[in-house]
Each structure stands twice: as C-alpha cells, then as structure tokens.
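One letter stands for each residue in the lines below.
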Amino acid sequence: MSLIVCITADGPDSGAQVQPRFGRAPYFVFADTEKGTFEAVKNPFADAQGGVGPRAVQTVLDHGATALVTGQVGGNAASAIQASGIRACAFKGQGTVSAALAAFLAGELPSLL
Amino acid sequence: MKIVVASGKGGTGKTMVAANLGYVLSRDREVALVDCDVEEPNLHLFFPAETVDEAVTAENPVFDPALCTQCGACGKFCRYGAITVLRDRVLFFAELCHSCGGCRIVCPEGAVTETGRAIGKVSTAHPLPGLTLVSGFLNEGEVQAPGVVRAARAAAGEHPLIIQDASPGVACAVIETITGCDLCILVTESTPSGLHDLALAVEAVRMLSIPAGVVINRSDGRDEVATAFCREHDLPVLMTIPFGREIAAVQNRGGLVARDLPGFTEKFSALYADAVRLCGVKE
Ligand code: SF4
Ligand code: SF4
C-alpha cells in the first residue's frame, strides 16, 4: 500500500531543506512512497496571523498524508494531529526533504507528539 | 460626550492620562471611565472598589455528529483555522473562533448550531462619588477582544461623559474602541519610535474622522521633533508631562498624580478644557 508522507520544507521539491516549523513552513512536500513521486503545496498560511496550525493539519489531511515529518508543532496543531491519527515524526537539524524521507522510512525518526 | 485616550504602543502613559483625567473630572461632575484595553486592563488598579461582574459570551458552533458527513465545507470556509475536518469528525478550536457564524451558513447538512461561550467579563464599580468605572477583561488565550470592548462600551451606555482607555496600537479592538467617539487624546513620547507609532494612530483616527490632540509624556524638555510632527499633522499639543522622579514614584505605587502631587489637578482640568475647545467639540 502506498504511503503518503508530508514533509515541511523551505522549497517545492525533494532537494529543498526541511523547514522545522510546521504551520509556517513555506511548502508542504508530499512524498508518495510507492510511486516515488513528490508533490509540493505552497502553504497559503505561512504569513497568516493566527490559527495556522489546524489549517496546516487540514492541508496535510486533504492531501491524503498519513505521516508527517517536521521539526516542531504548536499546541492546536498537535491536538489536531493527534485526533487525526496522523503519525508525526521529528526531524531535527538540517537536511533535505529526501534525506528526511529516507530517515523516516528507515525508522530513525522519533515520534513528535 | 465620548473621549478616547489612545497611543501608538504600550507603556506610553495612556492609562495614567485616562485615570487622572477621570479622577479630576469626577470631582465636579459624573464621569464614566471605560477600560477598553481588554487584554491588559489596568484602570481598576488605580481605583480599588467592589465590582459587579457580568460574563461576556461569544457564539460558537456546535457540530452534530449524527448529521455531519465530513464534507469539509466548514473547515474550508473558516479563515481563522478554528475547524479541522477529520475523517470521522469535526475538530473545533474554540479559542480561534471569531464567531462569524459562517460555518453554520455553509454547512449543507444543517449540522451546525450555535451556543454561547464565556470569553471574558465586564466589571462595573463606583470607586468615587462621581466616578463609574467599567472594565472589560478578555480571558487569557481568547482572540475576540472586539467583542469584550463592545460589551464594555455597552455597559457604560449613554452616560453623558465617557472616557475610554484604548488598547495600544491600531488593532481591531482599538478601532472598535475609537469608533463613534467625539474626541481622541493621543499619548506619545517624543522619541523616534514613539512618533512612528503615533503616526499610525493618527492615521486611524483620521480614517474615522475623529478630532484629535496630543499629550507628550515623559518629556525631557526637548520635544521639537514631536511638536513639529504635530504641527505638520494639524494636531494640537494639549499637554506636556515632564519626566520626573516624583511623578515616577507616584506612578510606581499605583497612585494618581492629580491626587498626590500639587498642580496636577489644574493641569488635567485644563487638558480636558483644551481638548474640548481645540478639537472643536461641543460639550
Ligand atoms: S463561526 Fe466563523 S470563525 Fe467560528 S468556527 Fe465558524 S467559520 Fe470559523
Ligand atoms: S460543513 Fe457541515 S457536514 Fe460538512 S464537515 Fe462541516 S459540519 Fe460536517
């Protein structure tokens, strides 16, 4: 079964750096592990005033992702992620989207929540 | 008459001006002081008294799981991010909701109803014979400051003389506070950052066509830049409060300079008279 993993990123492709902030990440990159494809979605809420967390979770859900790789999430986003059943993993430090995905698939990333 | 005391940013002495003005005026007439700085109301600290409290509520959506099909329309509509539609239910974040009622309207299944939820309170007190103090308090973490401001203003009703203390800056809650006032007193410091913030506040009062004058606080006597700014923008300088150890001491212990220091009663009386006259407002 294919797995869709959402990775927060600074740019729109697999070579972009992972962005540690969830709700205010410039891009959400959705990796389809079966097809080996990446689809990027520009985060329309990156500069929004408030309430970005739950909306970002909605974006992740709308794209069918069941796993999320990011650095940190806020309180409201955390509740939404928990309730949604999305598996959230922490990627600390620097690295590209593909590196983060590889680490995630290798089971190296700790749970975020 | 409704007078609003506003400022570009916090800590400029806006509340001090409102408190002293209210105190001085209450000595020979009825005056209502309304604390509209609902995120950080401070006026009551100057006037300890027993209060009558009333809860302020906001309408929040309630989602009926029996009717909801998780279509996602409500979540898409809510621009405050208060709704996340999951696969099996709707998640609602009450502290983010602005009570616009939109989710109820867009729901195709009629699954959304509304219920009131407390977001703050309005306290009313009579700390001095001529003085009514109304304070709005927004609960911690809530976003609907304008709703509490509206409730505080409503509690003051049609009192003949109302002085409102606005929040610093020019956010929605400040616009809600200033709208419909007859006169605005802008408190500033004559520093470059003070003037920058003042410029934004001036824009807001101009937009709402409210006559305004300026009080320069913590003046070191060299206010040329501030006075030039005021001249340029056609703003009368109504009062200059010097920077002084004595004044600071009174403030720090939560005192009123108009009550505790000589000369200030007259100064604040004059501020009121000048504001009314210079701003061309009929009393
Ligand atoms: S009432 Fe408006 S702000 Fe509140 S949840 Fe519904 S759409 Fe969002
Ligand atoms: S719009 Fe109505 S039916 Fe659709 S998800 Fe929201 S509450 Fe459910």
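Structure's up top.
Quantities reported herein were computed from a predicted structural model and do not represent experimental measurements. (Residues numbered from 1 in each chain as written. Chains lettered and ligands numbered in written order. Predicted model: local features only at pLDDT ≥ 70, side-chain atom pairs only at ≥ 80, totals over all residues. Heavy atoms only, no water.)

K.L.:
What am I meant to see in the overall build of chain B here?
P.N.:
Of the regular secondary structure elements, chain B holds eleven helices and eleven strands. Counting across all 283 residues of chain B, residues that qualify as buried make up 53%. Long-range pairs, those at least 24 residues apart, make up 73% of the contacts in chain B with a sequence separation of at least 6. Carbon and sulfur atoms provide 53% of the accessible area of chain B, an area that totals close to 13000 Å². In chain B, 24 side chains carry a positive charge and 34 a negative one; their mean positions are 2 Å apart. (Helix = DSSP H or I, 4+ residues; strand = E, 2+ residues; numbered from the N terminus. Buried < 20%, exposed > 50% of the residue type's maximum accessible area, 1.4 Å probe, protein only. Contact = heavy atoms within 4.5 Å. Areas by Shrake-Rupley, 256 points an atom, 1.4 Å probe, with all protein chains shown as cover. Lys, Arg positive; Asp, Glu negative; His and termini not counted. Charge placed at Lys NZ, Arg CZ, Asp CG, Glu CD.)

K.L.:
Explain the sheet that holds strand β6 (residues 112–128) of chain B to me, please; I cannot follow it from the model alone.
P.N.:
By way of backbone hydrogen bonds, the strands of a sheet pair with one another, either parallel or antiparallel. All names here are of chain B. Spatially, β3-β6-β7-β2-β8-β1-β9-β10-β11 is the arrangement adopted by the nine strands of the open sheet, whose pairing is mixed. A strand with exactly one partner marks an edge of an open sheet, and here the two such strands are β3 (51–63) and β11 (237–242). The mean angle between the axes of side-by-side strands here comes to 20°, regardless of whether they run parallel or antiparallel. As defined by bridge partners, strand β1 (residues 2–7) adjoins strand β8 (residues 162–165) across four bridges and the pair is classed as parallel. Residue K2 lies in a different strand from β8, and its bridge partner there is I162. The strands touched by helix α11 (residues 264–278) within the sheet are β1, β9 (183–188), β10 (212–219) and β11, with β11 carrying the most contacts at an inclination of about 155°. (Pairing = 2+ DSSP bridges. Axes fitted to C-alpha atoms, helices over the stretch in contact; angles between N-to-C directions.)

K.L.:
Quick question: what am I supposed to make of the site of ligand 1 here?
P.N.:
Around ligand 1 sit 14 residues in total, of which C78, C97, C100, G101 and C103 of chain B are the nearest. For the shell around ligand 1, the per-class residue count stands at ten nonpolar, four polar and no charged. (Near = heavy atom within 4 Å. Nonpolar A, V, L, I, M, F, W, Y, C, P; charged D, E, K, R; others polar.)

K.L.:
Looking at this model, I keep getting lost on the packing of helix α7 (residues 192–207) of chain B against helix α8 (residues 224–232) of chain B. Mind explaining?
P.N.:
The packing of two helices is summarised by the inter-axis angle and the distance between the axes. Residues and elements named next belong to chain B. The contact between α7 and α8 brings their axes to 11 Å, and the two run at 15°. With respect to α8, the element α7 is oriented roughly parallel. When you trace α7 past α8, the crossing you get is right-handed. Residues L195, L198, A199 and V202 of α7 touch α8, and the partners they reach there are V225, A226 and F229. Taken together, the residues of the contact of α7 with α8 sort by class into seven nonpolar, no polar and no charged. (Parallel < 35°, antiparallel > 145°, perpendicular 65-115°, else oblique. Left-handed = near helix turned anticlockwise from the far one by under 90°.)

K.L.:
I tried to follow the packing of aromatic side chains on my own but got confused; where do I start?
P.N.:
Each aromatic ring pair is described using two quantities: the centre-to-centre distance and the angle formed by the ring planes. Residue and element names in this part refer to chain B. This structure, assessed with the given rule, holds four aromatic pairs over all chains. Summarising the aromatic geometry, the rings of F46 and F47 are spaced 6.5 Å apart at their centres and angled 50° between planes, so their arrangement reads as tilted. Residues F46 and F47 agree in their burial class; the two are buried. Taking 5.9 Å as the distance between ring centres and 55° as the angle between the ring planes, the aromatic pair formed by F63 and F92 counts as tilted. Here F63 is found in strand β3, whereas its partner F92 is found in strand β5 (residues 90–92), with 29 residues between them in sequence. Given a relative accessible area of 18%, F63 falls into the buried group. The exposure class of F92 is partly exposed, given its relative accessible area of 25%. (Phe/Tyr/Trp six-rings, centres within 6.5 Å; stacked < 30°, edge-to-face > 60°.)

K.L.:
Would you mind going over the nonpolar core with me for this structure?
P.N.:
Side chains that are nonpolar tend, in soluble globular proteins, to be buried together. Membership of the largest hydrophobic core comes to 40 residues, with the highest contact counts inside it found for V17, F47, I163, I241 and F268 of chain B. Among the elements that make up this core, the one with the highest residue count is helix α1 (residues 14–26) of chain B (eight residues). Contacts of V17 of chain B, omitting those with residues within four sequence positions, involve V5, V187, V215, I241, F268 and L271 of chain B. Residues V60 and A90 of chain A together with F63 and V85 of chain B belong to the second largest nonpolar core, which totals 35 residues. (Core = buried A, V, L, I, M, F, W, Y, C linked by side-chain atoms within 4.5 Å.)

K.L.:
Is there a simple way to think about the site of ligand 2 in this case?
P.N.:
Every residue lining ligand 2 is accounted for by F63, C68, T69, Q70, C71, G72, A73, C74, C107, P108, E109 and V112 of chain B. Each residue belonging to the shell around ligand 2 can be placed in one class, and the counts come to eight nonpolar, three polar and one charged.

K.L.:
Sorry, what's going on with the interface of chain A and chain B here?
P.N.:
By convention, interface size is frequently given as the accessible area that disappears when the constituent parts associate. Contacts between the two partners involve twelve residues from chain A and, on the opposite side, 14 residues from chain B. Both faces considered, chain A and chain B share a buried interface measuring about 1100 Å² in area, 55% of it formed by carbon and sulfur atoms. In this assembly, chain A and chain B are joined by four residue pairs in polar contact (both at pLDDT 80 or more). Those elements that provide at least two residues to the side of chain A that touches chain B are α1 (52–62) and α2 (75–84) of chain A. (Buried area = accessible area lost by both parts, 1.4 Å probe. Polar contact = N/O pair within 3.5 Å; in protein donor to acceptor, adjacent residues only side chain to side chain.)

K.L.:
Would you mind going over the sheet that holds strand β4 (residues 67–70) of chain A with me for this structure?
P.N.:
All names here are of chain A. One open sheet holds the five strands; their spatial order is β3-β2-β1-β4-β5, and the pairing between them is mixed. The open sheet has two edge strands, β3 (37–42) and β5 (87–90), and neither has a second partner. Sheet twist, expressed as the mean angle between neighbouring strand axes with direction ignored, is 25°. The sheet strands contacting helix α3 (residues 97–105) are β1 (4–9), β2 (27–32), β3, β4 and β5, and the helix crosses β1 at an angle near 140°.

K.L.:
When you look at the packing of α1 of chain A against α2 of chain A in this model, what are you seeing that I'm missing?
P.N.:
Residue and element names in this part refer to chain A. Look at α1 against α2: their axes get within 7 Å of each other, and the N-to-C directions meet at 30°. Taken together, the axes of α1 and α2 are roughly parallel relative to one another. Handedness of the α1/α2 crossing: right-handed. The residues of α2 that touch α1, namely those facing G53, P54, V57 and L61, are N76, A77, A80, I81 and S84. When the residues that make up the contact of α1 with α2 are grouped by side-chain class, the tally is six nonpolar, three polar and no charged.

K.L.:
What is the right way to look at the pattern of salt bridges in this model?
P.N.:
Opposite charge on two side chains lets them pair, provided their charged atoms get close. Residue and element names in this part refer to chain B. Taken as a whole and judged by the stated rule, the model has 14 salt bridges over all chains. Of the charged contacts in the structure, one is a salt bridge between E189 and R218, with a shortest N-O distance of 2.2 Å. Separated by 29 residues along the polypeptide, E189 in the loop between β9 and α7 and R218 in strand β10 bring together distant segments of the chain. Of the residues examined, E189 reaches a relative accessible area of 17% and is grouped as buried. On the basis of relative accessibility, which here comes to 37%, the residue R218 falls in the partly exposed class. By sharing partners, the salt bridges in this structure join K14, D37 and D165 into a single network. (Salt bridge = Lys/Arg side-chain N within 4 Å of Asp/Glu carboxyl O.)

Keep in mind that these numbers describe shape and distance, not what the molecule does.
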